[in-house]
Amino acid sequence: LLQSGRHSWLAGLKTLLLNVSRAVTRDVLITFSPTEGPSRLNTTEKGKAGKIHLPRELFRSLSSQTVRVVVTVLNIQQLGMFKEVNQTGQVLDNTVVGITVGESSISGLQEPVQLTFPHGELPQVSQPCGAALPSPGRAGGWRSSGCVTQPGDKGTVCSCDHLTFFTLLLNPALDGSTARALMAVATAGCGVAMAFSIFTVAFCIFVRCRFRLEETVRTNLGLHLNLVGSLLLLNLAFLLNSGLSGRAPPSACGLLGGLTHYCLLCCFTWMALEGCQLYLLFVKVLGTYIHHYLAKLCLLGWGFPALVVGVAGALGSYGQYSIQTKDHQAIARLCWITSKHLLVHYITNCGYFGLIFLFNMAVFGVVTHKSCSLQGTGAVQGHRKPWKVALVAAGLFCLLGATWALAFLTYGISSAAVLYFFTILNSLQGIFIFIWLVVLYYPKTKESTGSLSHIIRHDKTTTASQD
């Protein structure tokens, strides 16, 4: 491996020329920085700057015995390059890294090329890798196809199956006024959600104590009561977090972050238990009696999140997290999962909720199909009106985490209108659940309380007659 030297013939552009043999026995490692440009990196050296990892299989697949490798680091602000008219993403440190091997285009690599872009805590909400997209007659653009973005110990790692110009695109953060307005809306929404959560808890207790209910309906109310209780605690934890995190010492901030994470995981877990209960009622209609069923659900719903938070706390995942504007001004500080432990967030929040939501939507589809089938046979038409069927379906959809799913799907979208919409929508979840429970469970006739029990009862009758 022969290093031909570094060259800097233009302000904002630095290059490294290497002649690499086809018989190279180790991977080629190169370090780069916006100020120093690219240079060789020894295998035992731990660089704090960016790093490029070229696998040796890349060179062994070439026909030439020796090939020239050119690594270029560009400052696109100084050069006026790679500026797209409608580009919304911001290039990290205005730095673009170009890699060419030989004179031909290389793509479809089995062993990907890896680039590590170093950075600290970023105000932006997502960091996808961007590869240059040639566009004749225009300034060009960026695409993320062919690259996989992963969080690393010292930044973001981009694994790509082709060679071109690469960068890290950051979705722009909110401006200060919009961010502060969103925080105000979220705080007010938490207050409203807490009030209606308290109303819902009081209503569930009133119905359980005042009316004689079937065992199935009592269990359903118990589940709803625990889910609404977890939502109440989550909103309370958020309000405490936003009010105390700015002046809390590190140890107290870690505890507050763990508490907020625990309440969030409790909400997810109780949504999963709501889905499991629906599955048992509508799919496993003739299930066996489970002794202390609700108590066991409470042990799982409140105990499993404590176990997860305990493990995350032992790893030191909780601390102060800053929400910043485009100009890097902190508008809010929360005690949450720190940026050094983003993997904990992706697994325990995004991954965990994703699995729960997929399961709940599958159960929701089965329940909706069975309900429509029973309505079509006329078995329950005397008990349920069409508007009430629609309300039950909408309430279940909300109860099983639909509003949360919409928020996760918009993760990384910087549109102020979208953020306002889903901030308000999630804040109104407590109101939706309260109205749904009142309409669904409050008895207005001599019928048994709980519209869901009608479907369950008729379904049991139909199944038993068929057997």
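We now turn to the structure provided with this report. Values in this document were obtained by computation on a predicted structure and should not be read as measured data.

Parameters and conventions
- Residues numbered from 1 in each chain as written.
- Predicted model: local features only at pLDDT ≥ 70, side-chain atom pairs only at ≥ 80, totals over all residues.
- Heavy atoms only, no water.
- Salt bridge = Lys/Arg side-chain N within 4 Å of Asp/Glu carboxyl O.
- Helix = DSSP H or I, 4+ residues; strand = E, 2+ residues; numbered from the N terminus.
- Phe/Tyr/Trp six-rings, centres within 6.5 Å; stacked < 30°, edge-to-face > 60°.
- Buried < 20%, exposed > 50% of the residue type's maximum accessible area, 1.4 Å probe, protein only.
- Lys NZ or Arg CZ within 6 Å of the ring centre and 35° of its normal.
- Pairing = 2+ DSSP bridges.
- Patch = residues over 30% accessible without salt bridge, like charges linked within 9 Å, V, L, I, M, F, W, Y side chains within 5 Å.
- Areas by Shrake-Rupley, 256 points an atom, 1.4 Å probe, with all protein chains shown as cover.
- Contact = heavy atoms within 4.5 Å.
- Axes fitted to C-alpha atoms, helices over the stretch in contact; angles between N-to-C directions.
- Core = buried A, V, L, I, M, F, W, Y, C linked by side-chain atoms within 4.5 Å.
- Disulfide = S-S within 2.5 Å.

**Digging into the pattern of salt bridges**
Evaluation of the coordinates by the stated rule reveals 1 salt bridge. Notably, a salt bridge pairs Arg56 with Asp27, separated by 3.2 Å at the nearest N-O pair. Here Arg56, found in helix 1 (residues 56–60), pairs with Asp27, found in the loop between strand 2 (13–21) and strand 3 (28–33); they are 29 residues apart in sequence, far enough to count as distant.

**Regarding the packing of aromatic side chains**
A complete count under the given rule lists 9 aromatic pairs for this structure. For the ring pair Phe199 and Phe434, a centre distance of 6.2 Å and an interplane angle of 55° mean the geometry is tilted. One end of the pair, Phe199, is in helix 3 (residues 176–210); the other, Phe434, is in helix 11 (residues 429–441), and 235 residues separate them in sequence. Exposure remark for Phe199: the relative accessible area of 45% places this residue in the partly exposed category. One cation-aromatic arrangement involves Arg210 over Phe211; the distance from NZ or CZ to the ring centre is 5.2 Å.

**Let's talk about the pairing of strand 6 (residues 66–75)**
Most of strand 6 sits out of view: 7 of its 10 residues are buried. In this structure, strand 2 lies alongside strand 6, joined through 9 bridges in antiparallel fashion. Its bridge partner being in strand 6, Ser21 is matched across the sheet by Thr66. Across 7 bridges, the pairing between strand 6 and strand 8 (residues 95–101) is antiparallel. For Thr72, the partnering residue across the bridge sits in strand 8 and is Gly98.

**As for a nonpolar patch on the surface**
Together, Tyr279, Leu280, Val283, Phe359 and Val366 make up a nonpolar patch on the protein surface, roughly 370 Å² of accessible area in all. Put simply, the parts of the chain that give the nonpolar patch at least two residues each are helix 5 (250–282) and helix 7 (342–377). Residue Phe359 is classed as partly exposed on the basis of its relative accessible area, which comes to 34%.

**Let's talk about the side chain of His261**
Considering the arrangement of structural elements, one finds His261 in helix 5. Taking the relative accessible area as the measure of exposure, His261 reaches 0% and is therefore buried. For His261, the contacting residues outside a window of four places in its chain are Val309, Tyr318, Trp336, Ile337, Thr348 and Asn349.

**Here's the deal with the sheet that holds strand 3**
With antiparallel pairing, 6 strands are arranged side by side in an open sheet as 4-3-5-9-13-12. Two strands in the sheet have a free side with no partner beyond their single neighbour: strand 4 (37–40) and strand 12 (147–151). Taken pair by pair, the neighbouring strands of this sheet meet at an average axis angle of 20°, ignoring direction. Note that strand 3 and strand 5 (residues 50–54) share 5 bridges and pair antiparallel.

**Details of the nonpolar core**
Side chains of nonpolar character tend, in soluble globular proteins, to be buried together. Core analysis: the biggest nonpolar cluster contains 53 residues, and Phe268 and Trp404 have the highest contact counts within it. Here this core takes 14 residues from helix 5, the largest share from any one element. In this structure, Val24, Ile52, Leu58 and Ile106 belong to the second largest nonpolar core, which totals 34 residues.

**Observations concerning the state of the cysteines**
Two cysteines, two sulfur atoms, one covalent bond between them: this is a disulfide. Applying the stated criterion across every chain yields a total of 2 disulfides. A sulfur-sulfur separation of 2.1 Å characterises the disulfide bridge that pairs Cys147 with Cys160. Where Cys147 bonds to Cys160 through sulfur, the torsion about that S-S bond is close to 115°, and the disulfide is right-handed. Here Cys147 is found in strand 12, whereas its partner Cys160 is found in strand 13 (residues 155–160), with 13 residues between them in sequence. You'll find Cys147 and Cys160 in the same group, each marked buried. Shown here is the disulfide that connects Cys253 with Cys335, its sulfur atoms set 2.1 Å apart. Disulfide Cys253 to Cys335: torsion about the S-S bond roughly -115°, handedness left-handed. With Cys253 in helix 5 and Cys335 in strand 16 (residues 330–337), the pair connects residues that are 82 residues apart, well separated along the chain. Each member of the pair, Cys253 together with Cys335, is buried.

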